[in-house]
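# Close look at the chain arrangement
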Amino acid sequence: MKNVKLILKWIFLSLLTLSVGFGAIAIPFKMLDLSGNAVRYFFIAEISVYFVFSMLFLVRQQKERERKAKEKRLRLERRKRFEKAQEEYYSLAA
């Protein structure tokens, strides 16, 4: 049952994404009465803007992954240093 809900959710999100994308590209062309070359230039500019925003999102996502990996590595190093200090303390105390 959980898998069915997940599949339906992904199908819904895919359809929603497709419809919003179509609307984002088609509506400006319908609203503006442009000539043939103007439509091409507008389309190229629109696709360029979408591409830039997509790249910015991917770069931000990659930086977030790198930051999390660095924090995880630092926590592991701190834990190892703490365990080493505990071992040294216990060996001195014994």
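Scroll up to find the structure.
So, a few notes on the structure that sits alongside this text. (Residues numbered from 1 in each chain as written. Predicted model: local features only at pLDDT ≥ 70, side-chain atom pairs only at ≥ 80, totals over all residues. Heavy atoms only, no water.)

### Observations regarding the overall build of the protein chain
Rule in force here: A run of H or I in DSSP becomes a helix once it reaches four residues, and a run of E becomes a strand once it reaches two; helices and strands are each numbered from the N terminus. For each residue, the accessible area found with a 1.4 Å probe, counting protein chains only, is set against the maximum for its type, and the residue is called buried under 20%, exposed over 50%, and partly exposed in between. Accessibility throughout is a Shrake-Rupley quantity obtained with a 1.4 Å probe, and a residue counts as covered only by protein chains that appear here. Two residue types count as positive, namely Lys and Arg, and two as negative, namely Asp and Glu; His and chain ends fall outside the count. Where a charge lies is defined by one atom per residue type: Lys uses NZ, Arg uses CZ, Asp uses CG and Glu uses CD.
Along the protein chain, the regular secondary structure elements total two helices and zero strands. With respect to the principal axes defined by its C-alpha atoms, the protein chain has extents near 90 × 40 × 15 Å. Across the 94 residues that make up the protein chain, the buried fraction comes to 4%. When the accessible surface of the protein chain is split by element, carbon and sulfur atoms take 68% of a total near 9000 Å². Separation between the mean location of the 19 positive side-chain charges and that of the 9 negative ones in the protein chain comes to 5 Å.

### Here's the deal with the pattern of salt bridges
Our working definition: Salt-bridge detection follows one rule: a side-chain nitrogen of Lys or Arg within 4 Å of a carboxyl oxygen of Asp or Glu.
Throughout the structure, instances matching the rule amount to three salt bridges. With a shortest N-O distance of 2.3 Å, E64 and R67 are connected by a salt bridge. In this pair, E64 and R67 are both assigned in helix 2 (residues 36–93), three residues apart and thus about one turn of the helix distant. Note on E64: relative accessible area 33%, which makes it partly exposed. For E77, the salt bridge goes to R73, with nearest N and O atoms at 3.3 Å. Of this pair, E77 and R73 both sit in helix 2, four residues apart, which is roughly one turn of that helix. Residue class for E77 comes out partly exposed when judged on its relative accessible area of 35%. Here the residues in one salt-bridge network are E64, R67 and E71, joined through shared partners.

### Examining a positive patch on the surface
Threshold: For patches, a residue must show more than 30% relative accessible area and have no salt bridge; joins then use 9 Å for like charges and 5 Å for nonpolar side chains, namely Val, Leu, Ile, Met, Phe, Trp and Tyr.
Together, K72, R75, R78, R79 and R81 give the surface a local cluster of positive charge. Tracing the chain through its elements places R78 in helix 2. Judged by its relative accessible area of 49%, R78 is partly exposed.

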